[in-house]
Amino acid sequence: MRQIYTVSLACFLLFFYIPQAANEENIEYDLSSPRATIITHLGALEEDNCNYEVAAKPFLQNNRTVDESIKLAIGLRDILKEKGVQIDLDHIPQNPNYIDHKAKFHKYQLTESLPKIYLVKVHNQWVYSEATVKYVEKFYQRNYLLGKNVSLEWLFKHLYRKIFFEIHVWQIAVLLLSLLISVILYRILNFLLQKYSRSLTSSEGYEVINPLVSPFNMFIISLLFGVIIPILKLPRILETRLLIYTRGSLFFIAMLLCYRLVDLFSFYIHKKAIDKKTNFNLVLLPMVTVCLKVLVIIVGVLITIQSLGFNIRGLLAGVGIGGLGFALASQDTIKNFFGSLVILTDKPFKIGDHIIADKVDGKVEEIGFRSTRIRTSQDSIIYVPNGKLADSYVDNHGEKQYKRFSTDIAIPHTTPAPLIETFIEGLKKIVEHCPAVREGKYYTYLYNLQDASFYIKLEVVFSVTDYNIELANRQEILLQVSKLAHILGIPFGTYILRKKSTFDEETFLASWESDPNSLKEKLQGFFNNNNNNNITP
C-alpha cells in the first residue's frame, strides 16, 4: 500500500511540476517595443503556451517580486477580457523609440476606453506603468473573494499549466467541488427548513409549506452557481453558456417557487377568513388560486425561454393567434367563466340561498367555474350555466330579512256581528302573542263578502330568515285560529259550502252566545289556556 501511495505521489509531482521545470529552463522574452511587450505578456498566457514567468516580465520593475508580477499579469489579462478589449497587433507600433503625440514622451496606451492602462519606456525596455499597476490592484480588491493579495487563478497557478478541453484542471476541480458542496448544502438546508416548518405550523399547514423547501433550496444553489462561475474565469464561450443555463434554471426554479407560494397564499387567506370570520368570498378563492397559477406558469415559461437566448416574439405572436382561435371555439365556456366571476364578485346569491331564476326553484349548493348546482324541492339536482344565471332575473329568497304570511279566513255570512268582532279580536291577540311576528306588522280585518261567506284577511310579517322556522310559526298561528273558531262555535265558510248537508243554519243561529260579556270570558279563557304555546323564532 505504501508503494502505491509513493508511486501516486511521484506521478502527481511529475504531472504538475515537471512541465513547470521544463518551462523554466528556457525563458525567452522581448520588451524592446510596445508590440513585443504585449506579445510577451499576453502570448505567454495563452492556453496552449502558458508561461507565467515570461508574462510577468513587463511588471518586474521597482523591486517587485515574481509572484506579485504574475498576479498583475493575470489580472491585466482578466481586465482586458472582462472589458471585451480586442488587441490588434497590426495597430501596435514596433518602433522601439515610439513617442505618444499627446503626451510627448515614450508612452503607448492600449485602448482609449482604459486610459490608465499604458506602457512606458524605462531603461530601453517597454514595461507597464505604475498607474496600470494601481488599476490592476484595485481590480483585485473589487473582483476576488480572497482579497487584494491573492486571486483564485494565481493561487492555483501550478494547476493552470495542465489543461483539458481548454479548461484548466483547477477549474474542473473547483466545479466538481462546487457540485459536491451544493449537494451537501442542499441536504443541510432541506433538513433545517423542514424542521423549522414543522415547528411553526400544524399538520395541515405543514403540507402547504413543505413543498416550498425544495424549490427554495434549489434557488439558493443556482444563485450561488451564478456567483461562482464568473470567479472561475473559464473560457469566454463556456462561461457565457454556463451563465445562460444557470440564469435559465434560476428563472425556472423561481417559477416553481412562485407556484408553491400561490398555494401558501391561498391557505393563509382561507385560514384568516375562517378564524376572523371575515366577509372574504371563499368560493372565489379557488378560482383566484387557479388564475394565479396559470399566470405564474405562462410568465415563468416565457421568461425562462427568453433567458436561454431564444426570441419569444414569434412565440407570443403564435400564442396570440392560437388564443384568438381558442376563444372563438369556446365562446360558451368563456361566457360561463366570466358569468362565474360576475356571480362571485357581484354576489346576487350565495351557497345556501333559496332562489328562483329562469324557471328554476331551489337551494344553491355549489357555485363552480362553469355552472351552479341547485337542489329543488323534489330533491333533484339542476346544473344551470353561470352565463345564463348572470343574464337572468334572480329572485333570492335567502336574502329576505322578513317573511310575509297572508291568508283568508271564510266564515258563514249569517254569523252575527258581535261574534265576528270577538273572533277578529281573538285573531289579533293570537298574532300579538307570537314572538316571531314583527312588532306592529300585522293586519286582521273583515274585508270581503262573497259566495255566502265573510272573508277575514289575516296578514303577518315574521322576523325570521329560516324557512323551517317560518313554517313552524305559520302552523302554530293556524292551529290557534282553528281552536279559537271551535271554542266560539264558528264554522269555516268553505267547509259549509262543500258540506251543506251537515250544516244546520237555524241550529247554528240558535246556539251562538249573544251575551258580549260571555264572549269575552270565552276569549279570555282561551288565551289563559294557551299562554305556553308560543313558537320561539
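For the structure, see preceding data.
These notes cover the structure that comes with them.

Quick notes on the rules
- Residues numbered from 1 in each chain as written.
- Predicted model: local features only at pLDDT ≥ 70, side-chain atom pairs only at ≥ 80, totals over all residues.
- Heavy atoms only, no water.
- Core = buried A, V, L, I, M, F, W, Y, C linked by side-chain atoms within 4.5 Å.
- Buried < 20%, exposed > 50% of the residue type's maximum accessible area, 1.4 Å probe, protein only.
- Helix = DSSP H or I, 4+ residues; strand = E, 2+ residues; numbered from the N terminus.
- Pairing = 2+ DSSP bridges.
- Phe/Tyr/Trp six-rings, centres within 6.5 Å; stacked < 30°, edge-to-face > 60°.
- Axes fitted to C-alpha atoms, helices over the stretch in contact; angles between N-to-C directions.
- Salt bridge = Lys/Arg side-chain N within 4 Å of Asp/Glu carboxyl O.
- Contact = heavy atoms within 4.5 Å.
- Expected span 1.5 Å × (residues − 1).

## Remarks on the nonpolar core
Membership of the largest hydrophobic core comes to 30 residues, with the highest contact counts inside it found for Ile38 and Leu110. When contributions to this core are tallied by element, the ones reaching two or more residues are α2 (34–43), α3 (52–55), α4 (66–83), β3 (125–128) and α5 (130–143).

## Observations concerning the pairing of strand β8 (residues 371–376)
Two elements, strand β7 (residues 360–367) and β8, share 5 bridges in a ladder whose sense is antiparallel. Among the inter-strand pairings, Glu366 is bridged to a residue of β8, identified as Arg373. Taking the residues between adjacent antiparallel strands as the criterion, β7 and β8 are bridged by 3 residues. Where β8 lies against strand β9 (residues 381–385), 5 bridges are found, and the strand directions are antiparallel. Its bridge partner being in β9, Arg373 is matched across the sheet by Tyr383. Here β8 folds back onto β9, and the loop between the two strands holds 4 residues, one of which, Asp379, carries a positive phi near 65°.

## Things to note about the packing of aromatic side chains
Under the criterion given, the structure shown has 3 aromatic pairs. Judged by centre distance (4.7 Å) and plane angle (15°), the rings of Phe59 and Tyr128 are stacked. Here the residue Phe59 occupies a position in the loop between α3 and α4, and Tyr128 occupies one in strand β3, the gap between them amounting to 69 residues. Of the two residues, Phe59 and Tyr128, both sit in the buried class. Residues Phe405 and Phe462 carry aromatic rings whose centres are separated by 6.4 Å and whose planes lie at 15° to one another, so their mutual orientation is stacked. Residue Phe405 is located in strand β11 (residues 403–412), and its partner Phe462 is located in strand β13 (residues 453–462); the two are separated by 57 residues in the primary sequence. Judged by relative accessible area, Phe462 falls into the buried class, the value being 0%.

## Points about the sheet that holds strand β6 (residues 354–357)
Strand pairing in a sheet is mediated by backbone hydrogen bonds. Such pairs are either parallel or antiparallel. Reading across the sheet, the 5 strands line up as β9-β8-β7-β6-β10 and stay open at both edges, with antiparallel pairing between neighbours. Across the chains shown, the open sheet's two edge strands, defined by having one partner strand only, are β9 and β10 (394–396). Pairs of neighbouring strands in the sheet enclose a mean axial angle of 40°, with direction left out of account.

## Quick word on the pattern of salt bridges
A side chain of one charge can pair with a side chain of the opposite charge when the charged atoms of the two come close. Per the counting criterion, the structure on display carries 11 salt bridges. Between Asp379 and Arg375 there is a salt bridge, with the nearest N and O atoms lying 2.9 Å from each other. Residue Asp379 is classed as exposed on the basis of its relative accessible area of 54%. The partner of Lys429 in a salt bridge is Glu425, with the nearest N and O atoms 3.9 Å apart. Linking Lys429 with Glu425, this pair stays in helix α14 (residues 417–432), spanning 4 residues, or about one helical turn. Of the residues examined, Lys429 reaches a relative accessible area of 27% and is grouped as partly exposed. Judged by its relative accessible area of 37%, Glu425 falls in the partly exposed class. Overlapping salt bridges bring together Glu365, Glu366, Arg373, Arg375 and Asp379 as one network.

## Description of the sheet that holds strand β2 (residues 118–122)
A sheet is described by the order of its strands in space; here 3 strands give the open sequence β1-β2-β3, paired in antiparallel fashion. Every interior strand has two partners, whereas the edge strands, β1 (107–109) and β3, have only one. The sheet shows a mean angle of 25° between the axes of neighbouring strands, direction not considered. Across the face of the sheet, α2 comes into contact with β1, β2 and β3 while running at roughly 55° to β3.

## Let's talk about α4
The terminal C-alpha atoms of α4 lie 26 Å apart, and with 18 residues this matches the ideal 26 Å at 1.5 Å per residue to within 8%. Restricting attention to buried positions, one finds in α4 the residues Ser69, Ile70, Lys71, Leu72, Ala73, Ile74, Gly75, Leu76, Arg77, Asp78, Ile79 and Leu80. Where α4 terminates, the next one or two residues include Gly84, which has phi positive at roughly 75°.

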